[in-house]
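Secondary and tertiary structure notes
Each chain, written out:
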Amino acid sequence: MSVSDASDPASQADRLQAELDETRPPHAGPISQLAAALVALAVGVAGAAGSYALGLGELTQPGPGLWPFAISVVIVVLSVTLAVTGRSLEDAERFSRSSLLTAGGLVTLVLLAVLLPLIGFEIPSLLLMFVWLRWLGKESWRSSIVVSVCTVAAFYLLFVVLLQIPLPRLI
Amino acid sequence: MDLTPILNGFSVVLEPANLLYCLVGVLIGMLIGVLPGLGPGATIAILLPITYGIEPVSAIIMLAGIFYGAQYGGTITSVLLRLPGEASSVVTVFDGFALAKQGRAGTALGIAAVGSFVGGTVSIVGLSLVAPIVAGFALDFGPPEYAALGILGVLLISSVGNGNKLKAVVAACVGLLLATVGRDTFTGAERFTFGSLNLAEGLDFIPIAMGLFGLSEILYNLEERHNKVASPAKIGNVWPSRKELGEAKGAIGRGSLIGFVLGVLPGGGATLSSLAAYAFEKRRAKQPERFGRGAVEGVAAPETANNAAATSSFIPLLTLGIPANATMALIFGALLIQGIQPGPQLVTQHPDVFWGVINSMYIGNILLLVMSIPMVGVFVKILRVRAAILAPITVLITLLGAYTVRNQVYDVFLVIGFGLLGYLMKKFGFEPGPLLLAFVLGTMIESSARQALLIFGGDPTGFLTRPISGTIFALVALVAVLPLIRTAWRRKAIRKAPAEEKTS
């Protein structure tokens, strides 16, 4: 398959992939790449320090920290390599205004998890559905309300009435 | 070859309750699998909780159903929306979408279902024949071999992915590190638990998989501009005509073989095989220009091949205990949860489970064929529902599902945490697949390596001097070095056309 004319399936597949990627935000610059490598480096260093504290032991009698220490060292080496060589990569995405949607979505998820044991699943679920529909999905007010109420009702029916799963709930 | 265990396996699988589980699995798998942007991996991850509460054999049967359903769900979106669920159905888009535009979407989906069924079945028969032999060979493997095999598996997955290799290996190492969280089985010491009781038990597979594969995908897709997605094409008659089947017959046969052989290779087996099968059909066609304009073979070949490959990638999982790709890592994790340790001992020590797994694939495959053709209309209706509406429903299923596994809010937080991690990884060009796979294999690699060190009396050169583990480590070295050589080689070739650079 060394022929790489335009009709070659492999390059055709690549082009389709590229086209699909067009709906994504533009790629990020070297600073993001460096930042990612540094985060990985930090994980490696923290892992190495933590496992060193656990005790490495001897090769004849490996301590609990030996294996995690070895992995952490590999992470450190690789992320340093990444920081040095990977700055010109183009596989990271810029955070755009639409990343705020993801952040907003995350907040509703955390809210659900916090409220779930306190007031049951109904109200937090309703809230999550509504926020996602109305503001993240830009649905109309009417359809947001109808869909979120129906979904939560369906979940109640499925989880509580039919499957009798002990979900924390109000009613 | 003794056929009794195989037949016994069938009698288990064919119990009405188990058939029902399989049916439900196929249905839900397809249902979630048709959601745009959710590939089979995400689908299986999201649905893991529903297999948790039921008994092992039924759970596996249901998983097989989900697996096939999710695969086919991706095909539906490829044909109707031009949105491949995963890399292995990208090729299907060329002719599948072209057929859909000509009003023959039904034909494309029907042919894909028939092809998937044949490819899957051929592959399962091959699996039934080959797996016991491979497992028999692997029976004398000791701890050093397992350690070597695990490392090779992790490295292979990292190196065949489509992203940057260095990043993939870093992700895999983080996965190995995460697997060490909790109580050390050898010394009883608590590692990286920070005094938390929850962490002392180690990180649980289900919430990690659900977060990394399911939730992260949804969070990631939120950033996409939806406006481009067209509404799905009209479906005509789904039953392929005799003439169309005749046209596709050869492609399906060859696709099955290509898929089976390439699927055993770790990593991109399914993707590679769909591409290879398509290219092969195009090359041997009398009028290659039909391809890309709605050739039936152009749908049949890749769909047959990727399903055959998806099935034969069970071979390394069931015989060596090494998952060949991210989806297999999910199945591996799901089997572990059911108390089943895939590996060479499985076929001899638990033949009922081994053949149960394999036979449930036959059933899943048949049910897929039976269900998909009449149900296509229903799934198309789901596709008409906007992604904006489907996304929060899926999120809710994921979060509440995660809670139901152990009735702990802690698990919900884990899902959210790993969802965020997966999202950030994708943003920065790290693949979550290697991380999950390494996490699944981590405990096995560590304990085998430490047992091996005990056997060797602390001399690590023992890994290299034993014939089998030595060979595997030579392969490890080869896999590690090969990309470097290839890069150097490509650079030389690219000097003429510098615009073509893709990976480092």
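Residues numbered from 1 in each chain as written. Chains lettered and ligands numbered in written order. Predicted model: local features only at pLDDT ≥ 70, side-chain atom pairs only at ≥ 80, totals over all residues.

On to the overall build of chain B, then. Regarding its fold elements, chain B presents 22 helices and 2 strands. Here the C-alpha radius of gyration of chain B, 22 Å, is about what a compact globule of 504 residues would show, namely 23 Å. Here chain B holds 504 residues, and 62% of them are scored as buried. For chain B, the proportion of contacts with a sequence separation of at least 24, taken over those separated by at least 6, is 80%. (Helix = DSSP H or I, 4+ residues; strand = E, 2+ residues; numbered from the N terminus. Rg over C-alpha atoms; globule rule 2.2 N^0.38 Å. Buried ≥ 20, exposed ≤ 12 C-beta atoms within 10 Å, placed from the backbone. Contact = placed C-beta atoms within 7 Å.)

Another aspect to go through is the overall build of chain A. Of the regular secondary structure elements, chain A holds 6 helices and 0 strands. At 24 Å, chain A has a C-alpha radius of gyration far larger than the 16 Å of a compact globule built from 171 residues. Along the longest, intermediate and shortest principal axes, the C-alpha atoms of chain A span 60 × 55 × 35 Å. Counting only residues that meet the buried cut, chain A has 32% of its 171 residues in that class. Here the contacts in chain A between residues at least 6 apart in sequence split such that 60% fall between residues at least 24 apart.

We now examine the domain arrangement of chain A. Entries for chain A in the domain assignment read domain 1 (1–95) and domain 2 (99–162). Placing a centre on the C-alpha atoms of domain 1 of chain A and another on those of domain 2 of chain A gives a separation of 35 Å. (Domains from an automatic or database assignment.)

This next bit is on helix α4 (residues 56–81) of chain B. Residue and element names in this part refer to chain B. In this model, α4 (26 residues) spans 36 Å end to end at C-alpha, consistent with the 38 Å of a helix rising 1.5 Å per residue. The buried count for α4 comes to 24 of 26 residues, which makes it a mostly enclosed element. Positive phi shows up at Arg82, right after α4, with a value of about 65°. (Expected span 1.5 Å × (residues − 1).)

The next point concerns the nonpolar core. Within the largest apolar cluster, 213 residues are counted, with the highest numbers of intra-cluster contacts made by Val170, Cys173, Ala209, Met210, Leu399 and Leu436 of chain B. Lining this core are residues from two domains, each supplying at least three of them: domain 1 (1–95) and domain 2 (99–162) of chain A. (Core = buried A, V, L, I, M, F, W, Y, C linked by C-beta atoms within 7 Å.)

A word on the packing of helix α5 (residues 90–101) of chain B against helix α6 (residues 105–138) of chain B. All names here are of chain B. Running from N to C, α5 and α6 point in directions that differ by 140°, and their axes come no closer than 6 Å. By the angle between their axes, α5 is oblique relative to α6. Of α6, the residues touching α5 (which contributes Thr92, Gly96, Leu99 and Ala100) are Ala105, Thr107, Ala108 and Ala112. Residue composition of the contact of α5 with α6, grouped by class: 5 nonpolar, 3 polar and no charged. (Axes fitted to C-alpha atoms, helices over the stretch in contact; angles between N-to-C directions. Parallel < 35°, antiparallel > 145°, perpendicular 65-115°, else oblique. Nonpolar A, V, L, I, M, F, W, Y, C, P; charged D, E, K, R; others polar.)

Residues and elements named next belong to chain B. Here chain B averages 86 in pLDDT, and 94% of its residues register 70 or above. Across chain B, element-level confidence peaks in helix α19 (residues 409–427) with a mean pLDDT of 96 and bottoms out in helix α1 (residues 4–13) with 78. Taken as a whole, residues 499–504 scores under 50 in pLDDT and shows 7 contacts with residues more than four places along the chain or in a different chain. For this predicted complex, the interface score ipTM comes out at 0.93, while the overall pTM is 0.90. (pLDDT = per-residue confidence, 0-100.)

Right, let's talk about helix α20 (residues 432–455) of chain B for a bit. Look at α20 of chain B: 34 Å from first C-alpha to last across 24 residues, which is about the 34 Å you get at 1.5 Å a residue. Summarising burial for α20 of chain B: 19 of the 24 residues are buried, a large majority.

Further remarks concern the environment of Lys381 of chain B. Residues and elements named next belong to chain B. Along the chain, Lys381 turns up in helix α17 (residues 351–384). When the 10 C-beta atoms within 10 Å are taken as the criterion, Lys381 is described as exposed. Between the alpha carbons of Lys381 and Ala87 there is a distance of 24 Å; along the sequence they are 294 residues apart.

With 69 residues of chain A in contact, the opposing surface of chain B contributes 59 residues. Elements with a contribution of two residues or more to the side of chain A that touches chain B: α1 (9–21), α2 (30–54), α3 (66–85), α4 (99–119), α5 (122–136) and α6 (141–162) of chain A. Considered class by class, the residues forming the side of chain A that touches chain B number 42 nonpolar, 21 polar and 6 charged.

We now examine the confidence of the model for chain A. Taken over all residues, the pLDDT of chain A has a mean of 89, while the share at 70 or more is 96%. Low pLDDT, under 50, characterises residues 1–5 of chain A; the stretch is placed with 4 contacts to residues that sit more than four places away or in other chains.

Another aspect to go through is unusual backbone geometry. All names here are of chain B. Positive phi outside glycine occurs at Phe192, with the angle close to 50°. With respect to the secondary-structure elements, Phe192 resides in the loop between β2 (190–191) and α9 (197–200). Unlike most non-glycine residues, Asn407 shows phi in positive territory, near 55°.

Residue and element names in this part refer to chain A. One way to put it is that α2 packs onto α3 with a least axis distance of 8 Å and a crossing angle of 160°. When the axes of α2 and α3 are compared, the pair comes out roughly antiparallel. You can see that α2 and α3 cross each other, and the crossing is left-handed. Counting all contacts with α2, which are made through Leu34, Ala37, Leu38, Ala40, Leu41, Val43, Gly44, Val45, Gly47, Ala48, Ser51 and Tyr52, the residues of α3 involved are Pro68, Phe69, Ile71, Ser72, Val73, Ile75, Val76, Ser79, Val80, Leu82 and Ala83. Residues that form the contact of α2 with α3 fall into these classes: 18 nonpolar, 5 polar and no charged. (Left-handed = near helix turned anticlockwise from the far one by under 90°.)

Residues and elements named next belong to chain B. Tracing the sequence through the fold places Leu48 in helix α3 (residues 40–52). On the basis of neighbour counts, which here come to 26 C-beta atoms within 10 Å, the residue Leu48 falls in the buried class. When the C-alpha positions of Leu48 and Phe192 are compared, they lie 26 Å apart, and in sequence the two are 144 residues distant.

What follows concerns the environment of Asp352 of chain B. Relative to the helices and strands, Asp352 of chain B resides in helix α17. When near neighbours in sequence (up to four residues on either side) are disregarded, Asp352 of chain B contacts Asn8, Gly9 and Val12 of chain B.

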